[in-house]
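# Fold and contact review
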Amino acid sequence: MSVTYNAYIKQWISGTNRTYNPYAASIGSSGAGNATIVLFASLFPKTTFLLFFIIPCPAWLAAGGFIAYDVYNSISRGNPIIDSFAHLGGAGIGFGYYWFKLRPFLRRF
């Protein structure tokens, strides 16, 4: 799945026509970290996050800010080292898990 994503979908979204390079795949677990943050923010949106250990903000605002930064970074291609599409994919998985798996159970109680 990730080979298909990196080979075709990522290039289509970013508008580049580069050939697939198997040595330039995503490495790390930052997508899973974003999935966890978005899932937590979906379940507990009013919980306070401390940005830079100083600035208090609600969880929904912090997660939205992380997503907005990744959208901006993926559109502007500002930092080629950071794979913003993996972050956005993880955020989508976290919100999808909340929306389709957890939300129906939360309404029953």
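Residues numbered from 1 in each chain as written. Predicted model: local features only at pLDDT ≥ 70, side-chain atom pairs only at ≥ 80, totals over all residues. Heavy atoms only, no water.

### Examining the overall build of the protein
We apply this condition: To qualify as a helix, a DSSP run of H or I must reach at least 4 residues; to qualify as a strand, a run of E must reach at least 2; elements of each kind are numbered from the N terminus. Each residue gets one of three labels from its accessible area relative to the maximum for its type: buried under 20%, exposed over 50%, partly exposed in between, using a 1.4 Å probe on protein chains only. Accessible surface area values rest on a Shrake-Rupley calculation with a 1.4 Å probe, where residue burial reflects the displayed protein chains alone.
Helix and strand content of the protein: four helices and two strands. For the protein, the succession of helices and strands along the chain, N to C, is α-α-β-β-α-α. Scored against the burial criterion, the 109 residues of the protein give a buried share of 28%. Only carbon and sulfur atoms are counted for the fraction: they give 70% of the accessible area of the protein, which is about 8100 Å².

### With respect to the UniProt feature "transmembrane region" (unreviewed entry) in the protein
Keep this limit in mind: UniProt positions are given in the numbering used here, feature names are shortened, and annotations may be inferred rather than shown by experiment.
As annotated in UniProt, the feature "transmembrane region" (unreviewed entry) corresponds to residues 20–41, 48–69 and 81–100 in the numbering used here. Helix makes up 50% of residues 48–69 and strand makes up 36%, while its end C-alpha atoms are separated by 20 Å.

### Observations concerning helix H3 (residues 59–76)
To keep things clear, this is the line we draw: Under the convention used throughout, the expected extent of a helix is 1.5 Å for every residue step, that is, one less than its residue count. When we speak of the arc, we mean the arc of directions from the helix axis to the C-beta atoms.
The terminal C-alpha atoms of H3 lie 26 Å apart, and with 18 residues this matches the ideal 26 Å at 1.5 Å per residue to within 8%. Within H3, the full set of buried residues consists of Ala59, Ala62, Ala63, Asp70, Asn73 and Ser74. Angularly, the buried residues of H3 cover 105° about the axis, an arc narrow enough to put them on a single face. Residues of H3 that are exposed and point more than 90 degrees away from the buried face comprise Trp60, Tyr72 and Ile75. Looking at the residues trailing H3, positive phi occurs at Arg77, about 50°.

### As for the packing of helix H2 (residues 30–43) against H3
The condition that has to hold: Angles run from 0 to 180 degrees between N-to-C directions of axes, and those axes are lines fitted to C-alpha atoms, restricted for helices to the stretch in contact. Crossings are classed by handedness, with left-handed meaning an anticlockwise turn of the near helix from the far one by less than a right angle and right-handed meaning a clockwise turn. Note on contacts: a residue pair qualifies if any of its non-hydrogen atoms lie within 4.5 Å across the two residues. We call Asp, Glu, Lys and Arg charged. Ala, Val, Leu, Ile, Met, Phe, Trp, Tyr, Cys and Pro are nonpolar, and the rest, Gly among them, are polar.
It is at 8 Å that the axes of H2 and H3 come closest, and there the two elements cross at 145°. The two elements H2 and H3 meet at a crossing, and its hand is left-handed. Every residue of H3 that contacts H2 at Asn34, Ile37, Val38 and Ala41 is listed here: Ala59, Trp60, Ala63, Phe66, Ile67 and Asp70. Looking at the contact of H2 with H3 residue by residue, the class counts come to eight nonpolar, one polar and one charged.

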